[in-house]
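Take a look at the letters that make up each chain.
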Amino acid sequence: MLWGALIIALLMLSTLWLGVVAGRLYERNSSEKTIARLSEFVTRSRADIEKFTSDVAALENYMAGKDKLMLTISHIRNNYVDHIALDTIYEKAIPALLSELDPHSEYIPAKLFDRVNENLEGEFDGIGIVFNAMTDTITVLSVIPQGPSDKAGVRAGDRILRIDNRNVAGQGIAQDFLMRLMRGKRGTHVKLSIARTGHDREVDIDVTRAPIELHSIETAFILDKKAGIGYVRLSQFARTTHSELVEALAKLSSQGMRSLILDLRGNSGGFLDQAIRLANEFLGENQLIVYTEDRSGKQLKQYSNGKGSATQLPLVILVDETSASSSEILAGAIQDNDRGLIIGRRTFGKGLVQSQIPFDDGSAIRLTVARYYTPTGRSIQKPYTSGDEMSYHLDIINRYNHHELFSADSIHFDDSMKFTTPKGRTVYGGGGIMPDIFIPLDTLGQSKYYKEVWNGNTLYRYTMEFADRHREAMDQIESLEQLDSLLATENLVEEFVQYAERHGIKRDAEGLATSRHIIEAQIRAYIGRNALDDESGFYYNILPIDNALQRAVTELKKEK
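To keep things clear, this report deals only with the structure shown in the data block. (Residues numbered from 1 in each chain as written. Predicted model: local features only at pLDDT ≥ 70, side-chain atom pairs only at ≥ 80, totals over all residues. Heavy atoms only, no water.)

## Considering unusual backbone geometry
For clarity, the threshold we go by: Starting at the N terminus, helices and strands are each numbered in turn, a helix being any DSSP run of H or I of at least four residues and a strand any DSSP run of E of at least two.
Residue Asp 164 is not a glycine yet carries a positive backbone phi of 50°. Mapping Asp 164 onto the fold places it in the loop between strand S5 (159-163) and strand S6 (166-167). Positioned with a positive phi, Asn 165 is a non-glycine residue whose angle comes to about 70°. Secondary-structure assignment places Asn 165 in the loop between S5 and S6.

Here you go:
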């Protein structure tokens, strides 16, 4: 009986002791959490107080007339020996001020605002032709169906000699300036004086300018029908990009697409929201796409909803050193979520977010307000020195000189920038998206003969001459199969060599043997660009010499 009482007493004492210990541990843990929260609060408060104090001091200086910038402007306005329009000074001072911040904060003058933004807005006023002036004459490559030029009677293959009686043929006028001559406000007229194959006299055509839709998808077609590999070439991230991609995916799926190559090479970016919406088409539910962080540390995270139209579609993305901004967001989201392969070369490295702030006179500034990060937490913004924009943009040339474009071994990443994807792949931050499979810049096959016919524009001139001779047949082509049938009837390389000889370039058997595959592919590609309304004729025929595109096809077939 006594032993039983003792045991019960000991149990009670043990329970009480454990309760006290547990209470103290809980109290200690709670205290630590409270102290941590207080410490974080104090740190944030201190930062907020310092910012507030700084802002108040700046405001006091401004109100008291002690702000040096405002004082300088005031003295110029009131005391400068000559009267001067301050707007003129502002136009020079604002760009200089912004240039000291980072390479992407910039000033957009009112006269350039519409032109700078029109490519991203998806529409401009013009005449509706695709042209090239590589031969020093404006050659109409294609006419937008039902567009102003189509309705007025302009045809593919036409040469534009004069615009509103201004001679533009053989004048060495920059293509950008020629474009401005043909664009203008909707409803206005422009007279085109045209030379047309098979017609002895010039043809004058009056075109009424109208709204022209801009497309961010250059082409979308089935690259390999047997394997069901679709190809989409995306040139920019404009307001219509997401809707264009959804439409393209639906079209390709109906044609038997079972995997996709999304080509972002040369795509310098655009709207951030479009990159997010595109990533959402490929990712599963609740996967992080990207997040931004401002100077106060506030983060904004974007997640996928799993309702995309291509969440299970095998995917390869092609990138190169000119793929930037939104292209890098999309590539980073796909890579960091182990959703697809990235093939090509290290991207540009732009990870700064700009906000566009308009002014009453029609001008605006684009101010960097945050940095964006990929799902694993890596910043892809390459290093820069404030105020040294020249070195920043010469980085591509430095990569070339350091052989980075030719060998992955020439690329060195800091170990502190190493990150790991959910499936254990190593990825790096601090300067662009490094692809999963590196494809060097290809210089093989570039003989002296090839360089002569290419640099002298002889190859391109031949393709235009071929298109002129076969214009009637070219105008009937509606598919890649029909294009193949036309080209199969010609010995293109031999015919080209004879054409080059007539234009002063001697036949070079050794050089031709070295470069034949390049010459043939480019001839077919440029003729193809002349035959079809989109770029499918070009990219379909350039495949044999496009190593990155070939590797993408190989990887998708391997996956199957």
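## A few points about the packing of aromatic side chains
Which entries qualify depends on this criterion: When two rings of Phe, Tyr or Trp (its six-membered ring) have centres within 6.5 Å they constitute a pair, described as stacked for plane angles under 30 degrees, edge-to-face for angles over 60, and tilted for the intermediate range. The buried label applies to any residue whose accessible area, calculated with a 1.4 Å probe on protein chains only, is under 20% of its type's maximum; exposed applies above 50%, and partly exposed to all values in between.
One pass over the full model with this rule turns up 11 aromatic pairs. Where Tyr 291 meets Tyr 373, the ring centres are 5.2 Å apart and the plane angle is 15°; that geometry is what we call stacked. Here Tyr 291, found in strand S13 (residues 285-293), pairs with Tyr 373, found in strand S18 (residues 364-373); they are 82 residues apart in sequence, far enough to count as distant. Look at Tyr 291 and you get buried, because its relative accessible area is 11%.

## Notes on a negative patch on the surface
What counts here: Excluding any residue in a salt bridge, patches collect residues exceeding 30% relative accessible area, merging like charges within 9 Å and nonpolar Val, Leu, Ile, Met, Phe, Trp and Tyr side chains within 5 Å. Only the protein chains shown count as cover for residues, and the accessible areas themselves come from Shrake-Rupley with a 1.4 Å probe. We define a salt bridge as a side-chain nitrogen of Lys or Arg found within 4 Å of a carboxyl oxygen belonging to Asp or Glu. As used throughout, the charge tally considers Lys and Arg to be positive and Asp and Glu to be negative, leaving His and the chain termini uncounted. Each charge is placed at NZ for Lys, CZ for Arg, CG for Asp and CD for Glu.
Taken together, the side chains of Asp 87, Glu 91, Asp 360 and Asp 361 make up a negatively charged region of the molecular surface. Checked against the element boundaries, Asp 360 lands in the loop between strand S17 (352-358) and S18.

## What about the pairing of strand S7 (residues 189-195)?
Formally: When DSSP locates at least two bridges between a pair of strands, those strands are taken to pair.
When S5 meets S7, the two strands line up antiparallel, connected through four bridges. Its bridge partner lying in S7, Arg 162 is registered against Ser 193. In the sheet, S7 pairs with strand S8 (residues 203-208) via six bridges, with the strands oriented antiparallel. Bridge pairing in S8 links Val 190 to Val 207.

## Topic: a nonpolar patch on the surface
Taken together, the side chains of Tyr 80, Val 81 and Ile 84 present a nonpolar region at the surface, about 320 Å² in accessible area. Summarising the element assignment, Tyr 80 is placed in the loop between helix H2 (68-79) and helix H3 (86-99). On the basis of relative accessibility, which here comes to 48%, the residue Tyr 80 falls in the partly exposed class.

## Considerations on the sheet that holds strand S16 (residues 341-344)
On the basis of which strands lie adjacent, the open sheet formed by six strands has the order S10-S11-S12-S15-S16-S21 and mixed pairing. Strands at the two margins of the open sheet, each flanked by one partner only, are strand S10 (217-224) and strand S21 (437-438). In the sheet, strand S11 (residues 229-234) pairs with strand S12 (residues 259-263) via five bridges, with the strands oriented parallel. Residue pairing in the sheet places Ile 229 in a bridge with Ser 259 of S12.

## With respect to the side chain of Glu 321
Under the convention used in this document: Counting of polar contacts relies on pairs of N or O atoms within 3.5 Å, with two restrictions inside protein: one atom must be capable of donating a hydrogen and the other of accepting it, and residues adjacent in sequence are counted only when both atoms are side-chain atoms. Contact between two residues is taken to exist if any of their heavy atoms lie within 4.5 Å; hydrogens are not considered.
With respect to the element layout, Glu 321 can be found in the loop between strand S15 (315-319) and helix H9 (326-336). Within the structure, the side chain of Glu 321 is placed 2.8 Å from the side chain of Arg 345, a separation counted as a polar contact. In this structure Glu 321 touches Arg 345, Arg 346, Thr 347, Phe 348, Ile 396, Arg 399 and Leu 405, once residues within four positions along its chain are discounted.

## Concerning empty space enclosed by the protein
Worth spelling out the cut-off: Of the two site types, the cavity is a set of points on a 1 Å grid over the protein atoms alone where a 1.4 Å probe fits but cannot get out, and the pocket is an open set with protein on both sides within 12 Å along at least five of seven lines, each lined by residues with an atom within 4 Å of a point. Grid points are joined across faces, edges and corners, and a volume is the space filled by probe spheres set on the points. Any residue outside Ala, Val, Leu, Ile, Met, Phe, Trp, Tyr, Cys, Pro, Asp, Glu, Lys and Arg is labelled polar, Gly included; the first ten of those are nonpolar and the last four are charged.
Tallied over the entire structure, the rule returns one cavity of 30 Å³ or more. It is helix H17 (residues 509-531) that provides the largest number of residues to the lining of the largest cavity, a total of three residues. Classifying every residue of the lining of the largest cavity by side-chain character gives four nonpolar, one polar and one charged.

## Remarks on helix H12 (residues 448-455)
Working note: α-helix, 3.6 residues per turn, so residues spaced by three or four point in the same direction. Stated formally: In this description, one arc is meant: the one made by directions from the helix axis to the C-beta atoms.
Buried within H12 we find Tyr 449, Tyr 450 and Val 453. Down the axis of H12, the sector holding all buried residues measures 95°, keeping them to one side. Opposite the buried face of H12, at more than 90 degrees from it, the exposed residues are Lys 448 and Asn 455. Among the structural elements, helix H13 (458-469), helix H16 (492-502) and H17 are those in contact with the buried residues of H12. Where H12 ends, the next residue or the one after it, Asn 457, has phi of about 70°, a positive value.

## Re the pairing of S11
Worth spelling out the cut-off: A right-handed crossover is one whose linking path, passing over the helix from the first strand to the second, runs clockwise when the strands point away from the viewer.
With six of its six residues buried, S11 lies for the most part within the structure. The two faces of S11 match: Ile 229, Tyr 231 and Arg 233 on one face and Gly 230, Val 232 and Leu 234 on the other face are all buried. Joining the antiparallel neighbours S10 and S11 is a turn of four residues, in which Gly 228 adopts a positive phi near 70°. Chirality of the crossover, the property in question, places the unit of S11, helix H7 (residues 241-254) and S12 among those that are right-handed.

## Some thoughts on the packing of H16 against H17
We count it as follows: Throughout, an axis means a line fitted to C-alpha atoms (over the contacting stretch in the case of helices), and angles, computed between N-to-C directions, take values from 0 to 180 degrees. Angles below 35 degrees are treated as roughly parallel, those above 145 as roughly antiparallel, those between 65 and 115 as roughly perpendicular, and all remaining angles as oblique.
One can describe the packing of H16 onto H17 by two numbers: an axis separation of 9 Å at closest approach and a directional angle of 100°. When the axis of H16 is compared with that of H17, the two are roughly perpendicular. Contacts between H16 and H17 involve Leu 492, Val 493, Phe 496 and Val 497 from the first element and Leu 512, Arg 516, Ile 519, Glu 520, Ile 523, Arg 524 and Ile 527 from the second. Across the contact of H16 with H17, the residue classes tally to eight nonpolar, no polar and three charged.

## Some details on helix H19 (residues 547-559)
Threshold: Here the expected span of a helix is defined as 1.5 Å times the quantity of residues minus one.
Helix length check: H19, at 13 residues, gives a terminal C-alpha distance of 18 Å against a target of 18 Å (1.5 Å per residue), a fit within 8%. Inspection of H19 places Ala 548, Leu 549, Ala 552, Val 553, Glu 555 and Leu 556 among the buried residues, and these make up the whole buried set. Looking down the long axis of H19, one finds its buried residues gathered within 165° of arc, a one-sided arrangement.

Spatial relationships are all this shows, so hold off on functional conclusions.
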